[in-house]
Amino acid sequence: MAQLNFNAIGHLFQEGLCNVHAAYETALASLTDRLSVIEDQYINDLAAVRDGADPYIRDDDGTELYTYEQAYEINLSNAETARRVGQIAFIVILHHFWERQCNRWMGTTDYKADAAYEFLKARGLTVDRAALEILRKACNTVKHDSQTLHKTNPELFYPAAGSRKTPNYEETLIVDDAFLDSLFDAVRNSGPNISSTAKLW
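Note that the coordinates shown come from a computational prediction; the quantities given were computed from them, not determined experimentally.

Participant: Break down the overall build of the chain for me, with residues and values.
Facilitator: Helix and strand counts for the chain come out as seven helices and two strands. N-terminal to C-terminal, the α/β element order of the chain is α-β-β-α-α-α-α-α-α. Computed over the C-alpha atoms, the radius of gyration of the chain is 23 Å, more than 25% above the 17 Å expected from 2.2 N^0.38 for a compact globule of 201 residues. In terms of its C-alpha atoms, the chain occupies a principal-axis envelope of roughly 75 × 50 × 25 Å. Considering the chain as a whole, with its 201 residues, one finds that 38% of them fall into the buried category. A separation of at least 24 residues holds for 63% of the contacts in the chain among residues at least 6 apart in sequence. Accessible surface, the chain as shown: approximately 11,900 Å² in total, 52% of it carbon and sulfur.

Okay, structure coming up:
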């Protein structure tokens, strides 16, 4: 009978990552629901206007502020921005999670990416170095407006990135569901799991 292997460190790592991912999905679902609420409210507002309601949103003095269409566009833009901010926040959270885990395994306090990759590789883990580098550089892009990721992976940015006199790399980074999923996959696949034979400490 084959001996079963239970890697406690791998279990804790994957469990911690699952918790981060669950928090991400919960936050994203809430922000996505906000978009649906805005859409539904706009449909209801237009129906009310067709039925004779005032077509303007007014202040307490009756002054016209916006049409319902203008309000919808403002609210939709704000909601889409909030969703992007949420995803950007989790790029940082995910990278810091990875850094903390590597420092714990290596007994260090100052994360060095290349040293971490070599440490894990030497212990038999398959490290997705390319994807983890994207995560690291993306974190620096959204935190510090670093251009490092744009230099190595310009395809991850909208075309305007780097074309202005004062480029804003954070604003032009393409942040969508597929990008975040790929970053979570990189961390998940590069660390130990419950059946790993790697001994990290």
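Having seen the model, we can carry on.
Participant: Summarise the packing of aromatic side chains; cite the residues concerned and give the values.
Facilitator: Considering all chains together, one arrives at eight aromatic pairs under this definition. Taken together, a centroid distance of 4.1 Å and an interplanar angle of 10° make the contact between Tyr42 and Tyr72 stacked. Here Tyr42, found in helix H1 (residues 8-50), pairs with Tyr72, found in helix H2 (residues 68-106); they are 30 residues apart in sequence, far enough to count as distant. Summarising the burial analysis for this pair, Tyr42 and Tyr72 share the class buried. With a centroid separation of 6.1 Å and an interplanar angle of 85°, the aromatic rings of Trp98 and Trp105 are classed as edge-to-face.

Participant: Give me the environment of Tyr24: which residues, what numbers.
Facilitator: One can find Tyr24 in helix H1. Taking the relative accessible area as the measure of exposure, Tyr24 reaches 4% and is therefore buried. Distance in space between the C-alpha atoms of Tyr24 and Arg129 is 23 Å, their sequence separation being 105 residues. Here Tyr24 is in contact with Gln87, Phe90, Asp177, Leu180 and Phe184, once residues within four sequence places are set aside.

Participant: Can you tell me about the packing of H2 against helix H7 (residues 177-190), naming the residues and giving the values?
Facilitator: Contact geometry for H2 and H7: axes closest at 11 Å, N-to-C directions at 10°. As far as their axial angle goes, H7 and H2 are roughly parallel. On H7, the residues that touch Arg83, Gln87, Phe90, Ile91, Leu94, Phe97 and Trp98 of H2 are Asp177, Phe179, Leu180, Leu183, Phe184, Val187 and Ser190. By residue class, the composition of the contact of H2 with H7 is ten nonpolar, two polar and two charged.

What counts, and at which threshold
Residues numbered from 1 in each chain as written. Predicted model: local features only at pLDDT ≥ 70, side-chain atom pairs only at ≥ 80, totals over all residues. Heavy atoms only, no water. Helix = DSSP H or I, 4+ residues; strand = E, 2+ residues; numbered from the N terminus. Rg over C-alpha atoms; globule rule 2.2 N^0.38 Å. Buried < 20%, exposed > 50% of the residue type's maximum accessible area, 1.4 Å probe, protein only. Contact = heavy atoms within 4.5 Å. Areas by Shrake-Rupley, 256 points an atom, 1.4 Å probe, with all protein chains shown as cover. Phe/Tyr/Trp six-rings, centres within 6.5 Å; stacked < 30°, edge-to-face > 60°. Axes fitted to C-alpha atoms, helices over the stretch in contact; angles between N-to-C directions. Parallel < 35°, antiparallel > 145°, perpendicular 65-115°, else oblique. Nonpolar A, V, L, I, M, F, W, Y, C, P; charged D, E, K, R; others polar.

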